[in-house]
Amino acid sequence: MDIILYLLLFIQYQHKQICWLFNFICRYIPLKQWGFDDSHSPKYQKFKIDKLPKIIYYEKWDYKDYIPYLEWKYGKKIKPVSRRSECDIDDNCACPRCNAPKPYLYKNNGSKGQILCKVCSTAFSPEENRFSKSYSLKCPHCNHSLAHKKDRKHFVVHKCVNPKCPYYLHNLNKVDKKDLKEDYGKNKYKLHYIYREFQIDFFRMDLNTLP
Ligand SMILES: [Zn+2]
Ligand SMILES: [Zn+2]
């Protein structure tokens with residue numbers, strides 16, 4: 001057979017193969033979905049890592065420093081509360097923010113038992129521990145404080161439980177409407193913003209003991 005004819009036939013055969021493969025790809029492999037839809041499916045949300053939260057540090061104040069500071073800045077010295085009636089605040093109660101003792105504390109509104117600090121104007125309830133940590137974690141999408149949800153062996157799970165969080169609403173929008181009608185259908189998805197606070201010191205980890 002003529003070599004040219006042979007090569008032409010071979011090219012035609014290859015051309016057919018290519019057409020066939022093209023057809024196959026177009027029909028059965030949704031290329032667009034590979035690049036876009038699928039990776040955005042709410043089913044894979046679980047495998048996504050959320051952004052870091054906002055970390056708000058509380059500066060530790062002490063009333064012993066703060067009273068002279070306010071006097072220097074505003075020319076007014078804060079004096080202990082002058083009480084007209086008996087005070088039922090516990091003797092050991094102190095302001096969680098500036099540590100001011102009972103003489104500087106007064107009842108903010110009788111019914112709810114909230115206490116106000118005359119030095120730093122912090123309102124608190126006696127059993128509150130908002131300031132026991134020197135920082136708080138906030139959702140990067142809505143600024144809500146994150147709720148401490150679960151304690152795992154090596155980490156704590158913090159979650160944004162704000163029902164109006166834009167991150168949550170955006171994810172909720174993408175889920176299968178069928179699942180929303182089921183009782184615990186939403187639990188199939190990870191919809192809320194989550195942050196895992198690892199409590200293990202990775203720098204001190206003994207690598208040889210790892211499985
Ligand atoms: Zn205070
Ligand atoms: Zn949020």
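So, here's what we can say about the structure. The structure displayed is predicted, hence computed values, not measured ones.

1. Quick notes on the coordination of the zinc ion (ligand 1)
Donor atoms from the polypeptide that coordinate the zinc ion (ligand 1) comprise Cys95 (SG), Cys98 (SG), Cys117 (SG) and Cys120 (SG), at 2.3 Å from the metal. Taken together, the four donor atoms surrounding the zinc ion (ligand 1) define angles of 106 to 114 degrees at the centre, an arrangement classified as tetrahedral. Sequence positions of the residues that donate to the zinc ion (ligand 1) give the spacing C-x2-C-x18-C-x2-C. Its relative accessible area of 0% is what places cysteine 98 among the buried residues.

2. Topic: the coordination of the zinc ion (ligand 2)
The protein atoms donating to the zinc ion (ligand 2) are Cys139 (SG), Cys142 (SG), Cys160 (SG) and Cys165 (SG), with metal-donor distances spanning 2.3 to 2.4 Å. Given four donor atoms and angles of 97 to 117 degrees at the metal, the environment of the zinc ion (ligand 2) is assigned as tetrahedral. In primary sequence terms, the donor set of the zinc ion (ligand 2) follows C-x2-C-x17-C-x4-C. Here cysteine 139, found in the loop between strand 5 (135–138) and strand 6 (147–151), pairs with cysteine 160, found in the loop between strand 7 (155–159) and helix 4 (166–174); they are 21 residues apart in sequence, far enough to count as distant.

3. Looking at the environment of cysteine 95
Tracing the sequence through the fold places cysteine 95 in the loop between helix 3 (63–74) and strand 2 (105–109). The buried category is assigned to cysteine 95, whose relative accessible area is 2%. Sequence separation between cysteine 95 and phenylalanine 124 is 29 residues, and the spatial gap between their C-alpha atoms is 7.8 Å. Beyond its immediate stretch of four places on either side in the chain, cysteine 95 contacts Ala100, Leu105, Cys117, Cys120, Thr122 and Phe124.

4. Things to note about the packing of aromatic side chains
For the coordinates displayed, the defined rule picks out 12 aromatic pairs. Their ring planes at 35 degrees and their centres at 6.4 Å tell us that phenylalanine 10 and tyrosine 13 sit as a pair that is tilted. With phenylalanine 10 and tyrosine 13 both in helix 1 (residues 3–28) and three residues apart, the pair spans about one turn of that helix. The class for tyrosine 13 is partly exposed, based on a relative accessible area of 46%. Here the aromatic rings of tyrosine 63 and tyrosine 104 are separated by 5.9 Å at their centres, their planes lie at 50 degrees, and the arrangement is tilted. Within this pair, whereas tyrosine 63 is found in helix 3, its partner tyrosine 104 is found in the loop between helix 3 and strand 2, the two being separated by 41 residues in sequence. For tyrosine 63, a relative accessible area of 16% gives the class buried.

5. A short note on helix 3
In this model, helix 3 (12 residues) spans 16 Å end to end at C-alpha, consistent with the 16 Å of a helix rising 1.5 Å per residue. Among all positions of helix 3, only Tyr63, Tyr66, Ile67 and Leu70 are buried. All buried residues of helix 3 lie within an arc of 100 degrees about the axis, which places them on one face of the element. Across helix 3 from its buried face, at more than 90 degrees, point the exposed residues Lys64, Asp65 and Trp72. One side-chain oxygen of the residue at the start of helix 3 lies 2.9 Å from the amide nitrogen of lysine 64, identifying that residue as aspartate 62. Positive phi appears at glycine 75, one or two residues downstream of helix 3, with a value of about 65 degrees.

Reading the values: the criteria
Residues numbered from 1 in each chain as written. Chains lettered and ligands numbered in written order. Predicted model: local features only at pLDDT ≥ 70, side-chain atom pairs only at ≥ 80, totals over all residues. Heavy atoms only, no water. Donors = N, O, S within 2.8 Å, 3.2 Å for Na, K, Ca; no water. Tetrahedral: all angles 85-135°; square planar, octahedral: opposite > 155°, others 65-115°. Buried < 20%, exposed > 50% of the residue type's maximum accessible area, 1.4 Å probe, protein only. Helix = DSSP H or I, 4+ residues; strand = E, 2+ residues; numbered from the N terminus. Contact = heavy atoms within 4.5 Å. Phe/Tyr/Trp six-rings, centres within 6.5 Å; stacked < 30°, edge-to-face > 60°. Expected span 1.5 Å × (residues − 1). Arc of directions from axis to C-beta. Polar contact = N/O pair within 3.5 Å; in protein donor to acceptor, adjacent residues only side chain to side chain.

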